[in-house]
Amino acid sequence: MAYTIAVAGKGGVGKTTLCGLLIQYLCEKDEGPVLAVDADANSNLNEVLGVDVEVTLGQIREELERAEMMNPSPIPAGVSKQDYASFRFNSALTEEDDYDLLVMGRTQGSGCYCYVNGLLSAQVAKLSSQYRYVVVDNEAGMEHISRGILPHVDAMILVSDCSRRGIQAVGRIAELVRECKLNPKVMGLIVNRAPGGELNEGVQEEIRNQGLELIGVVPHSEDVYEMDCEGEPTSLKLPKDSPVRRALIDAVEKLLKSQ
């Protein structure tokens, strides 16, 4: 079974950027193949990785709904709806040299995401045995954890900005992980965008209050900020000697060695 790393945190803390850098790090260490999973309905992991995605699971779900109402049906004669759906869902995988990317995406209009969440869970379960690592960029908040979208997690990386409210948010996520009995082998906190790569005493105190294990502090970077503003693929463009990249690698290595 693949080693599954889940990245979680509240919105706007830079978890998708760190997730993209993590995927690139695993590939450069020849730890592939890696299955990258964008489990956020507001998907943008592909932009961080510099990959074009042709179709998401959410879009395919909408396509299949329309197919059932069309006459004639776009489903080829002699092909069952189930087989056609399986074929289309398999086509949602974007294949790269060292990793493949699966994007949940969103359904159109209003309504619950339960169905497409279920599709994502089923596809990850189906595909994971083909990979050495599965890296999941979760949606902001606690939705996927509470719904059990990831039944198996080996390492949970919690990402926060350097604010007490951010630390409190990931504290609640950590508590939910325990309540849902995900039982990751390791769980650690990375604080992102810290001025000068340092945390003040108030934030450090909140980390202790929440019972979180701090594995890394990533400094604020103007380079990352500019790349984000320009829509450039951070994982490809960020210099190899960037303090951001170095801090993330140190944190991940610390987490994995702590098992």
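The structure this text deals with has already been given above.
Residues numbered from 1 in each chain as written. Predicted model: local features only at pLDDT ≥ 70, side-chain atom pairs only at ≥ 80, totals over all residues. Heavy atoms only, no water.

Visitor: Looking at this structure, how should I read the environment of D137?
Guide: Within the fold, D137 resides in strand β5 (residues 133–138). For D137, a relative accessible area of 1% puts it in the buried group. Residues D137 and T16 lie 121 residues apart in sequence; the distance between their C-alpha atoms is 6.3 Å. When residues no more than four places from it in sequence are discounted, the contact partners of D137 are V7, K15, T16, C19, V37, D38, A39, D40 and L45. (Helix = DSSP H or I, 4+ residues; strand = E, 2+ residues; numbered from the N terminus. Buried < 20%, exposed > 50% of the residue type's maximum accessible area, 1.4 Å probe, protein only. Contact = heavy atoms within 4.5 Å.)

Visitor: Would you take a moment to explain the sheet that holds strand β8 (residues 214–219) for this structure?
Guide: The strands making up a sheet associate through backbone hydrogen bonding, with each pair oriented either parallel or antiparallel. The eight strands are arranged β3-β4-β2-β5-β1-β6-β7-β8 in an open sheet whose pairing can be described as mixed. Strand pairing shows two members of the sheet lacking a second neighbour, β3 (93–95) and β8, which therefore form its edges. Looking at each pair of strands side by side, their axes are set apart by 20° on average, direction ignored. Bridging between strand β1 (residues 3–8) and β5 involves five bridges; their strand directions are parallel. (Pairing = 2+ DSSP bridges. Axes fitted to C-alpha atoms, helices over the stretch in contact; angles between N-to-C directions.)

Visitor: Any chance you could explain the environment of P184 here in plain terms?
Guide: With respect to the helices, strands and loops of the structure, P184 is situated in the loop between α7 (164–179) and β7 (186–194). C-alpha separation for the pair P184 and E198, spaced 14 residues apart in sequence, amounts to 28 Å. Beyond its immediate sequence surroundings of up to four residues, P184 is in contact with V153, D154, A155, M156 and V177.

Visitor: I keep staring at the side chain of T17 and nothing clicks. Help me out?
Guide: If you trace the backbone, T17 turns up in helix α1 (residues 15–28). When its relative accessible area of 16% is taken as the criterion, T17 is described as buried. Not counting the four nearest positions on each side in its chain, T17 is found in contact with V48, V224 and T234.

Visitor: Would you mind showing me how to read the nonpolar core here?
Guide: The nonpolar side chains of soluble globular proteins are, as a tendency, buried together. With 45 residues, the main nonpolar core has L102, M156 and L158 as its most contacted residues. Look past the residues within four positions of L158 in its chain and what remains in contact with it is A8, V170, I173, A174, M187, G188, L189, I190 and L212. (Core = buried A, V, L, I, M, F, W, Y, C linked by side-chain atoms within 4.5 Å.)

Visitor: Explain the packing of helix α3 (residues 57–69) against helix α4 (residues 81–90) to me, please; I cannot follow it from the model alone.
Guide: The description of two packed helices rests on the angle between their axes and on the distance between the axes. Direction vectors running N to C along α3 and α4 enclose 155°, while the axes themselves pass 10 Å from each other. Looking at the two axes, α3 sits roughly antiparallel to α4. The crossing of α3 and α4 is right-handed. Of the residues in α4, those touching α3 at L57, I60, R61, E63, L64 and E68 are K81, Y84, A85, R88 and F89. (Parallel < 35°, antiparallel > 145°, perpendicular 65-115°, else oblique. Left-handed = near helix turned anticlockwise from the far one by under 90°.)

Visitor: Quick question: what am I supposed to make of the pairing of β5 here?
Guide: Strand residues, when the strand is regular, have side chains that alternate between the two faces of the sheet. Among the six residues in β5, six count as buried, and that is most of the element. Across the two faces of β5 the burial is the same, with Y133, V135 and D137 and V134, V136 and N138 all buried. In this sheet, β5 lies alongside strand β2 (residues 34–39) in parallel orientation, the contact comprising six bridges. The residue bridging A36 from the neighbouring strand is V135, located in β5.

Visitor: Looking at this structure, I do not really get a negative patch on the surface. What am I missing?
Guide: A contiguous patch of negative charge, built from D30, D52, E54, E96, D97 and D98, is present on the exposed surface. Within the secondary structure, D98 sits in the loop between β3 and β4 (99–103). (Patch = residues over 30% accessible without salt bridge, like charges linked within 9 Å, V, L, I, M, F, W, Y side chains within 5 Å. Areas by Shrake-Rupley, 256 points an atom, 1.4 Å probe, with all protein chains shown as cover. Salt bridge = Lys/Arg side-chain N within 4 Å of Asp/Glu carboxyl O. Lys, Arg positive; Asp, Glu negative; His and termini not counted. Charge placed at Lys NZ, Arg CZ, Asp CG, Glu CD.)

Visitor: What exactly am I supposed to notice about the state of the cysteines here?
Guide: Note on terminology: a disulfide is the covalent bond linking the sulfur atoms of two cysteines. This model, assessed by the stated rule, comprises zero disulfides. Free cysteine C162: the closest other cysteine sulfur is in C229, separated by 17 Å. (Disulfide = S-S within 2.5 Å.)

Visitor: Quick question: what am I supposed to make of helix α8 (residues 201–209) here?
Guide: Think of an α-helix as 3.6 residues a turn; residues three or four steps apart then line up on the same face. Those residues of α8 that sit buried are V203, E206 and I207. Here the buried residues of α8 occupy an arc of 105° about the axis, which is enough to place them on one side. Facing away from the buried side of α8 by over 90 degrees, the exposed positions are R208 and N209. The backbone nitrogen of G202 has a side-chain oxygen 3.1 Å away, supplied by the residue at the start of α8, namely N200. (Arc of directions from axis to C-beta. Polar contact = N/O pair within 3.5 Å; in protein donor to acceptor, adjacent residues only side chain to side chain.)

Visitor: In this structure, what is going on with the pairing of β2? I would like to understand it.
Guide: Of all six residues in β2, six are buried; the element is thus mostly enclosed. Going residue by residue along β2, you find V34, A36 and D38 tucked away on one face and L35, V37 and A39 tucked away on the opposite face as well. Across five bridges, the pairing between β2 and β4 is parallel. In the strand pairing of β4, V34 is matched with Y99.

Such coordinate-based values are descriptive only and should not be taken to indicate function.
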